[in-house]
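# Working through the structure, step by step
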Amino acid sequence: RRLARKNPPYLYAITMADQGVSDEKLGAIPEIERFREFLRIPTVSANGPKGSYAKAVDYLSNMLKGICELKTVECVKGKPILVATVKGTNPKLPSVVLNCHYDVVPCVKDQWNCDPFEAILKDGTIVARGTQDMKCVVMQYVEAMLRILKAAAEEEKEG
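Residues numbered from 1 in each chain as written. Predicted model: local features only at pLDDT ≥ 70, side-chain atom pairs only at ≥ 80, totals over all residues. Heavy atoms only, no water.

Our next topic: the overall build of the protein. Helix and strand content of the protein: 4 helices and 6 strands. The order of helices and strands in the protein, counted from the N terminus, is β-β-α-α-α-β-β-β-β-α. Counting across all 159 residues of the protein, residues that qualify as buried make up 33%. Relative to all contacts within the protein whose residues are 6 or more apart in sequence, the contacts with residues 24 or more apart total 63%. (Helix = DSSP H or I, 4+ residues; strand = E, 2+ residues; numbered from the N terminus. Buried < 20%, exposed > 50% of the residue type's maximum accessible area, 1.4 Å probe, protein only. Contact = heavy atoms within 4.5 Å.)

See the structure below:
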């Protein structure tokens, strides 16, 4: 991990530098680019209902459209929650719940050496607010679901 803020110890960024992966190669990976797109949505918790929550839900909904049953719930007006459901084929099996959040804590921009919502690639590192808490987990769940469902559909076609 590399420190993304000028003044430690609050925010760490994901790094691939130790793996020898160039910024150019990282930027060409679709999953990485989708993660960076999601990081660019400023879902700052302190902005409350005036924040970009709907934009985040729209982004995720577009990724999952046609793959999952989607439902948006608003417990607090202006702060939508996306519920994505994949129904199994065996009702006797237990359910699996993946839960996470996409809001981030406020940024003190003068303590950053870049725009915290630019999601830049620098020396194998994605630098942005939310890389660790908690947009990374949102995208890990979404990308994993997409891969699993794609593999299941391909297996079903093969018979």
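The space that makes up the largest pocket amounts to roughly 1500 Å³. Around the largest pocket sit 40 residues that line it, and Ala84, Thr85, Val96, Leu98 and Met145 are the ones nearest its centre. Secondary structure elements with two or more residues in the lining of the largest pocket: helix H3 (53-64), strand E3 (69-76), strand E4 (79-85) and helix H4 (135-158). Take the lining of the largest pocket: its biggest share by element is 11 residues, from H4. Residues belonging to the lining of the largest pocket are distributed by class as follows: 28 nonpolar, 8 polar and 4 charged. (1 Å grid on protein atoms, 1.4 Å probe; cavity = no way out; pocket = protein on both sides within 12 Å on 5 of 7 lines; lining within 4 Å. Points joined across faces, edges and corners; volume = space filled by probe spheres on them. Nonpolar A, V, L, I, M, F, W, Y, C, P; charged D, E, K, R; others polar.)

That bond from aspartate 133 to methionine 134 is cis: its omega, 10°, falls within 30 degrees of zero. Mapped onto the elements, methionine 134 comes out in the loop between strand E6 (125-127) and H4.

Glancing now at the pattern of salt bridges. This structure, assessed with the given rule, holds 6 salt bridges. Across the pair arginine 147 and glutamate 31 runs a salt bridge whose closest N-O atoms are separated by 3.0 Å. Of the two residues, arginine 147 is situated in helix H4 and glutamate 31 in helix H2 (residues 30-39); the sequence distance between them amounts to 116 residues. The exposed category is assigned to arginine 147, whose relative accessible area is 55%. Among the salt bridges present, the one from arginine 40 reaches glutamate 33, with a minimum N-O distance of 3.3 Å. With relative accessibility at 30%, the residue arginine 40 sits in the partly exposed group. Taken together, the salt bridges that share partners define one network made up of Glu31, Arg34, Glu143 and Arg147. (Salt bridge = Lys/Arg side-chain N within 4 Å of Asp/Glu carboxyl O.)

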